[in-house]
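Geometric and topological summary
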Amino acid sequence: MVVKTQCKGCEVTGLEVGQKNVQRYFPKHVDVIELQLDHLQIQCGLAPEFWEGQAEIKDPRLCEWLHFKIGNHRPGQAPIPLAMIPSGKNCFRLRPAPERVQARFRPAEVSAA
């Protein structure tokens, strides 16, 4: 599944999962998932709002890893897509999205007239 960074100003605050992904990959009874971030594995809690339209994963360790991986996020910059790959029961690997997916998230170039 493709998820994207969630930012507030220049600070990465977590991941936006999207409601369709929530319905497809996250059973309602699950309140904790495991994320594999390179060689780091963390458990992230899912708030009740996760299933009610606020499909975000927020965790300070995740934010730190995202900041390390993607650097500073400038205000107005498009969210960065990432691949969140199921790798077991309630466990996902987070990886850069394929280039063809990333291209969909880049702002269109405006040519000078």
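Counting of residues starts from 1 at the beginning of each chain's written sequence and follows it residue by residue. Under the rules for a predicted model, residues below a pLDDT of 70 receive no local features and side-chain atom pairs below 80 are neither given nor counted, while totals for whole chains, interfaces and linings still include all residues. To get the side-chain values, all heavy atoms of the structure are used, and hydrogens and water are removed first.

**Here we look at the sheet that holds strand 1 (residues 2-8)**
Under the convention used in this document: In short, DSSP must find at least two bridges between two strands for them to pair. The numbering of helices and of strands both runs from the N terminus, where a helix is a DSSP run of H or I of at least 4 residues and a strand a run of E of at least 2. Residues are treated as being in contact if the distance between any of their heavy atoms lies within 4.5 Å. For helices, the axis comes from a line fit to the C-alpha atoms of the stretch in contact; other axes are also lines fit to C-alpha atoms, and the angle between any two N-to-C directions lies between 0 and 180 degrees.
Pairing in this open sheet of 7 strands is mixed, and the strands run 4-3-7-6-1-2-5 from one edge to the other. Sheet topology places strand 4 (40-45) and strand 5 (56-57) at the edges, where each strand pairs with a single neighbour. Two elements, strand 2 (residues 11-16) and strand 5, share 2 bridges in a ladder whose sense is antiparallel. The residue of strand 5 that forms the bridge with Leu 15 is Ile 57. The strands that helix 2 (residues 60-70) touches are strand 1, strand 2, strand 3 (32-37), strand 4, strand 5, strand 6 (81-86) and strand 7 (91-96); relative to strand 2, the one it contacts most, it runs at about 110 degrees.

**What about unusual backbone geometry?**
For residues that are not glycine, phi is negative in most cases, and the peptide bond is trans in most cases. What counts, and what does not: Buried, partly exposed and exposed residues are distinguished by accessible area as a fraction of the type maximum, computed with a 1.4 Å probe on protein chains only: under 20%, between the cut-offs, and over 50%, respectively.
Phi is positive for Asp 38, which is not a glycine, with a value near 55 degrees. Examined against the element boundaries, Asp 38 turns out to sit in the loop between strand 3 and strand 4. Assessed through its relative accessible area of 37%, Asp 38 is described here as partly exposed. Located in the positive-phi region is Asn 90, a residue other than glycine, with phi close to 60 degrees. By the secondary structure assignment, Asn 90 is in the loop between strand 6 and strand 7.

**Re the nonpolar core**
Let me state the cut-off plainly: Take the buried Ala, Val, Leu, Ile, Met, Phe, Trp, Tyr and Cys residues and link them wherever side-chain atoms come within 4.5 Å; each set so joined is a nonpolar core.
Ranked by size, the top nonpolar core spans 25 residues in total, and within it Phe 26, Ile 33, Leu 35, Ile 57, Met 84 and Leu 94 carry the most contacts. Of all the secondary structure elements, the ones that give two or more residues to this core are strand 2, strand 3, strand 4, helix 2, strand 6 and strand 7. Once residues lying within four places of it in the same chain are set aside, the contact partners of Leu 35 are Leu 40, Gln 41, Ile 42, Cys 44, Ile 57, Leu 62, Met 84 and Phe 92.

**Comments concerning the pairing of strand 4**
Note that strand 3 and strand 4 share 6 bridges and pair antiparallel. Pairing of Glu 34 across the sheet is with Gln 43, part of strand 4. Between the antiparallel neighbours strand 3 and strand 4 lie 2 residues, among them Asp 38 with a positive phi of about 55 degrees.

**Brief notes about the pairing of strand 3**
Across the two faces of strand 3 the burial differs, with Ile 33, Leu 35 and Leu 37 buried and Val 32, Glu 34 and Gln 36 not buried at all. Direction of pairing for strand 3 relative to strand 7: parallel, over a ladder of 3 bridges. Counted as the bridge partner of Glu 34 is Cys 91 from strand 7.

**Topic: the state of the cysteines**
Chemically, a disulfide is nothing more than a covalent bond linking the sulfur atoms of two cysteines. As a reminder of what qualifies: Only a pair of cysteine sulfur atoms within 2.5 Å qualifies as a disulfide here.
Inspection of every chain in the model, using the stated rule, returns 0 disulfides. Of the cysteine sulfurs around Cys 44, a residue in no disulfide, the closest is that of Cys 63, at 9.0 Å. In this structure Cys 44 comes out as buried when scored by relative accessible area, which is 0%.

This is a description of form; function is not addressed.
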